[in-house]
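Geometric and topological summary
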Amino acid sequence: MNQILYVDKSKKGNSLEINSIIKIFVIIITIFGIILISKGIYGIVNNSKNSTVGAEPIVTVKELGEKLQISIVHDKAIDKIIYSWNNSEENILQARGQSQLIETIDLPIGNNILNLKIIDTNKKIVTYSKEYYREDKDITSPEIELVVEGSKVKIVAKDETELSYITYHWNDEEDTKVEAREDSKKQIEEKISILKGENKLTIVAVDSSGNKASKEQIYKGAKKPTIETNQNNNELAIKITDEENIKKIEININGEFFSTDPENVGDSLNMKEVQLTQPLQQGENTITITAYNVSGLSEQVTKQITI
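Residues numbered from 1 in each chain as written. Predicted model: local features only at pLDDT ≥ 70, side-chain atom pairs only at ≥ 80, totals over all residues. Heavy atoms only, no water.

Before going further, it helps to examine the overall build of the protein. The secondary structure content of the protein amounts to one helix and 20 strands. Residues counted as buried form 29% of the 307 residues belonging to the protein. Looking at the protein alone, contacts between residues at least 24 apart form 57% of all its contacts between residues at least 6 apart. Of the roughly 20,100 Å² that the protein leaves accessible, carbon and sulfur atoms contribute 49%. (Helix = DSSP H or I, 4+ residues; strand = E, 2+ residues; numbered from the N terminus. Buried < 20%, exposed > 50% of the residue type's maximum accessible area, 1.4 Å probe, protein only. Contact = heavy atoms within 4.5 Å. Areas by Shrake-Rupley, 256 points an atom, 1.4 Å probe, with all protein chains shown as cover.)

The next thing to look at is the sheet that holds strand E11 (residues 176–179). Ordered in space as E11-E10-E13-E14, the four strands form an open sheet in which the pairing is antiparallel. In this open sheet, the two strands that pair with only one neighbour each are E11 and strand E14 (212–221). Recorded for the sheet is a direction-independent mean angle of 20 degrees between the axes of neighbouring strands. In this structure, strand E10 (residues 163–170) lies alongside E11, joined through four bridges in antiparallel fashion. Considered in E11, the bridge of Thr167 is made with Lys177. (Pairing = 2+ DSSP bridges. Axes fitted to C-alpha atoms, helices over the stretch in contact; angles between N-to-C directions.)

Approximately 190 Å³ is the volume found for the largest pocket. Taken together, 13 residues make up the lining of the largest pocket; nearest its centre are Ile194, Lys220, Gly221, Ala222 and Leu297. Here the lining of the largest pocket takes three residues from E14, the largest share from any one element. (1 Å grid on protein atoms, 1.4 Å probe; cavity = no way out; pocket = protein on both sides within 12 Å on 5 of 7 lines; lining within 4 Å. Points joined across faces, edges and corners; volume = space filled by probe spheres on them.)

Inspection of every chain in the model, using the stated rule, returns one aromatic pair. For the ring pair Trp170 and Tyr219, a centre distance of 6.2 Å and an interplane angle of 75 degrees mean the geometry is edge-to-face. Taken together, the residues span a long stretch of sequence, with Trp170 in strand E10 and Tyr219 in strand E14 at a distance of 49 residues. Look at Tyr219 and you get buried, because its relative accessible area is 10%. Lying across the ring of Tyr292, Lys248 places its NZ or CZ 5.0 Å from the centre. (Phe/Tyr/Trp six-rings, centres within 6.5 Å; stacked < 30°, edge-to-face > 60°. Lys NZ or Arg CZ within 6 Å of the ring centre and 35° of its normal.)

Mapping Thr290 onto the fold places it in strand E19 (residues 284–293). Look at Thr290 and you get buried, because its relative accessible area is 7%. In this structure, the C-alpha to C-alpha distance between Thr290 and Val301, residues eleven residues apart in sequence, is 6.6 Å. Excluding residues within four positions of it along the chain, Thr290 makes contact with Lys248, Ile249, Glu250, Glu299 and Gln300. Here the side chain of Thr290 touches Gln300 through a polar contact of 2.8 Å, side chain to side chain. (Polar contact = N/O pair within 3.5 Å; in protein donor to acceptor, adjacent residues only side chain to side chain.)

That is the geometry; function is a separate question.
Given below as structure tokens:
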């Protein structure tokens, strides 16, 4: 009987020990789970912070004479860029959500500090500041423009400060020099006749700082067509001639239009002389005759005739 009671107490002790072990194991698992969850939450928060902060935008500034070329690359969309010189008035450049952009701004003369603010779409502001220097001298070359006016070509040279002179010549001829006038230092204009046949025109423009610009252009010289008219009672005799070939003739009489190429498809008459007769109506007649040659030159004559 005593032995039976002893055995029962031993089993009860074992049961208590098992319960204690289970409780400890549950506590350990709970603590381990809390640690894992905490690490997960920290990682998410940290990643979120890193995602919000992001990398700094990369700013590259290149000097291009009188200009600065600003290149910006960012891992976020850029809202706008604000820049100023020496903390003066701010200028805003809209980026419109781009992550890469290039802007060119004027570089003032002398020593100047560029202050730059880059604002992304998360409203984060990154600043950039650097000093730049520009010499007080003219380094811009003149501009040359050529305009054909009938059988002549007009040379137009321009400079932002002051021109000194221009020179021009056909083919291998000697230069002709044209000095800038006192009342027009920034622009020189000169009209010259286009030589007959195919010829090369060379122009050089020089400003007061010695900067040069040159231009070459080949022209095919030709004369304009000639138009002769002779009234004979109720008719107008018209004679059109050209030393090359006549391409097209247009006549407008009292608002009524006639053409040898009414569809304007480019059909050419390929004739050096055309004679035609235009009937006139009673009363006042207004007639305009336009002749085009194969070189693209044209001549126009208008007559007022009363019958």
